[in-house]
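Observations on the model geometry
So you can see what is in the structure, the chains are spelled out below.
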Amino acid sequence: MDLVFRARRTVTAAGEVARSIGVADGKIVAIEPYDAEMDADRVIDLDDDVVLLPGLVDTHVHVNDPGRSEWEGFETATRAAAAGGVTTLVDMPLNSIPPTVDVESLAVKRKTAEGKVHIDVGFWGGAVPGNLGDLRGLHDAGVFGFKCFLLHSGVDEFPPLGAQELEDALRAVRGFGAQMIVHAENSDAIEHAPAAQGAQYEKFLRSRPRGAENVAIAQVIELARWTGARVHILHLSSSDALPMIATARRDGVALTVETCPHYLCFTAEEIPEGATEFKCCPPIREAENREALWQGLADGLIDCVVSDHSPCTPELKRLDIGDFGVAWGGIASLQLGLPAIWTEARKRGFALTDVVRWMAERPAAQVGMRRKGHIALGYDADFCVFAPDEGFVVDAGKLRHRNPVSAYHGRTLSGVVRGTWLRGAEVTGEEPAGTLLRRGMC
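Residues numbered from 1 in each chain as written. Predicted model: local features only at pLDDT ≥ 70, side-chain atom pairs only at ≥ 80, totals over all residues. Heavy atoms only, no water.

**Here we look at the overall build of the protein chain**
Each helix and strand in the protein chain was counted, giving 12 helices and 17 strands. In terms of overall dimensions, the protein chain is globule-like: its C-alpha atoms have a radius of gyration of 21 Å, near the 22 Å expected for 442 residues. Taken across its 442 residues, the protein chain has 61% of its residues classed as buried. Contacts in the protein chain between residues at least 24 apart in sequence constitute 75% of all its contacts with a sequence separation of at least 6. Total accessible area on the protein chain stands at roughly 15,900 Å², and carbon and sulfur atoms take up 48% of it. Seen as two clouds, the 45 positive and the 62 negative side-chain charges of the protein chain have centres 2 Å apart. (Helix = DSSP H or I, 4+ residues; strand = E, 2+ residues; numbered from the N terminus. Rg over C-alpha atoms; globule rule 2.2 N^0.38 Å. Buried < 20%, exposed > 50% of the residue type's maximum accessible area, 1.4 Å probe, protein only. Contact = heavy atoms within 4.5 Å. Areas by Shrake-Rupley, 256 points an atom, 1.4 Å probe, with all protein chains shown as cover. Lys, Arg positive; Asp, Glu negative; His and termini not counted. Charge placed at Lys NZ, Arg CZ, Asp CG, Glu CD.)

So, in C-alpha cells, the structure goes:
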C-alpha cells in the first residue's frame, strides 16, 4: 500500500471507531482494526486529539469564474475549501460569465478551471428561459443536474423560470433522469413585500418573508408530484416549510432539501445595524426558526448542510454605508462550514457522525457520487484530519477566500482542520492536483 492512516478516532459506517485505513492508487483498499499489521510506503499515526473524517462534499459553491473572478476563482476557492476539510465541490452555473446554460459555456468554464483546482470539482448546469433544448446536451456532457430560480437571481444573465417554464423543464429532466435544484422564493410575494433599504436588518428581513419561501416550495412540490421529476430545495431558511416537506416525502415525492451553516449559526436578533456581511437570500431568520431547522436536521427532513459560498468584493457588500437594500447578498463560508456546524451541533448533543452525514455522506448521495463522502472500501481516499476540541477566533484576513469579508469574523469556533487529503495525497495549497469531474465518473 502507498499509505496507512492509524487513528483511534475514525468516522466510518460503524460510527466513530479505532481503525487503520490502507490506501493504494488513491483508493481505500483496507479498513482494519487499529493495531493491525499493515505494510505501506508511509504510515501516519494520528494523535489522539484528532478524528479522521471523510473529506467533505460541498454541492453549493459559487466560484464565479470566468467573468467575475475578482469575486472568487477556482484556485482561491478550492484552496479555501481544502483548508476547511472539503475535498469535492460542485460549482453553480452563476455568477460566472457566461453562465453554464449550454455545452459551449460549460466548455469555457472547464477550460478556465483546468490546472487550477486543488480539490475535485464538478459542475451544475442552469435552466433558464429559452434553453430547454440545451438541457440534454449539458446532461450528456456530465453536469450533475440543473439549477433554476423562481425570481430574479441577482444577475441579469441568469433569468428566472416562470411556472410553465419550470413545469416544462421538470418534464424534460425527468425524461433523462436528471434532477432540478431550485432557489425557491416566490417573486410575487417578494414584490408585494416592503422594499429593503437602510441599515436596519429587520427591514431587510421583512423584504424576504417566510411566506415567499413557503409558497415557492409548495409550488415546486406540486410540480414534482405532477411530473415525477426529482427536485432539490436549495438553502432552506424558513422552518415553516418543514411540515409540507414531511407530507411530500410521505407521499413519495422525489424531494431532497439542504440548509446552510449561516441559517444554523446566526440569528436575526443578533445582526448589528449596517452589518451587510450577514445579507443573504433567503435571509437569516429568528432564533426560534434556527432551532426549528436544527430539529428538521434531527428528524431527517433536511438532508444536508452545504455552504452556498457566494462571495463578492468588499465594495459590493457596501460596508461603507451599511445599506441592506443595495449590498450584494451572499455569505462567504467555504473554509468555515465544518467548524461552524460542529460548534453549534455539539451544543445540541449531536456527534461528529451526524456532521459527517450532513456534510459528506448525504451531499455525495444527492448528486450521485458513488466514491465520495465515506471512509469505505473502494472509495476515494479523501480525508479530513479534524481536531474537534481545539478552538480559534475567525480572522477574515487570514482565510483563503479571495476577499477578506466574512460574517464569521471575530467569532469563536470549535474544531480545527489539521490536514486534508485528496485521493491519498495531502493538499498543501501549492500544486493544484484536483480533477474536473463529470457525472458518473466519481
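**Structural notes on the pattern of salt bridges**
Applying the stated criterion across every chain, the model contains 34 salt bridges. When the shortest N-O distance is used, the salt bridge between Arg348 and Glu344 registers 2.9 Å. A relative accessible area of 25% means that Arg348 is categorised as partly exposed. When salt bridges with common partners are traced through the structure, they connect Lys27, Asp120, Arg371, Lys372, Asp380, Asp382 and Arg423 into a single cluster. (Salt bridge = Lys/Arg side-chain N within 4 Å of Asp/Glu carboxyl O.)

**Description of unusual backbone geometry**
Comment: phi is negative for the bulk of residues other than glycine, and the bulk of peptide bonds are trans. The peptide bond linking Asp65 to Pro66 adopts the cis configuration, its omega dihedral lying at 5 degrees. Its place among the elements puts Pro66 in the loop between strand S6 (56–61) and helix H1 (74–83). Residues Ile97 and Pro98 are joined by a peptide bond in cis, for which omega reads 5 degrees. Mapped onto the elements of the fold, Pro98 is located in the loop between strand S7 (86–91) and helix H2 (103–113). We note that Asp25 has phi near 50 degrees; this positive angle belongs to a residue other than glycine. Following the sequence through the fold, Asp25 ends up in the loop between strand S2 (15–24) and strand S3 (27–33). Despite not being glycine, Asn64 has its phi angle at roughly 75 degrees, a positive value. By the element assignment, Asn64 lies in the loop between S6 and H1. Take Asn64: its relative accessible area is 1%, and that puts it in the buried class.

**With respect to the nonpolar core**
In this structure, Phe146, Met180, Leu236, Leu255, Ile284 and Trp358 are the most contacted members of the largest nonpolar core, which totals 101 residues. When residues no more than four places from it in sequence are discounted, the contact partners of Met180 are Ala127, Phe146, Lys147, Cys148, Ala169, Leu170, Val173, Arg230, Val231 and His232. Formed by 18 residues, the second largest nonpolar core is a distinct cluster that contains Ile375, Tyr379, Phe383 and Ala387. (Core = buried A, V, L, I, M, F, W, Y, C linked by side-chain atoms within 4.5 Å.)

**Looking at the pairing of S3**
Strand direction decides the pairing type here: S2 and S3, joined by six bridges, are antiparallel. Note on S3: the bridge partner recorded for Ser20 is Glu32. (Pairing = 2+ DSSP bridges.)

**Details of the environment of Gly329**
Within the element layout of this structure, Gly329 appears in the loop between strand S14 (304–305) and helix H11 (337–347). Along the chain, Gly329 and Glu277 lie 52 residues apart, while their C-alpha atoms are 8.3 Å from each other. Among residues more than four places away in sequence, those in contact with Gly329 are Lys279, Cys280, Ser310 and Lys317.

**A short note on the environment of Glu70**
Mapped onto the elements, Glu70 comes out in the loop between S6 and H1. On the accessibility criterion, Glu70 (44% relative accessible area) is partly exposed. Taking C-alpha positions, Glu70 is 32 Å from Asp380, a pair spaced 310 residues apart along the chain. Leaving out residues up to four positions away in the same chain, Glu70 has contacts with Thr313, Arg402 and Asn403.

Geometry only, nothing functional implied.
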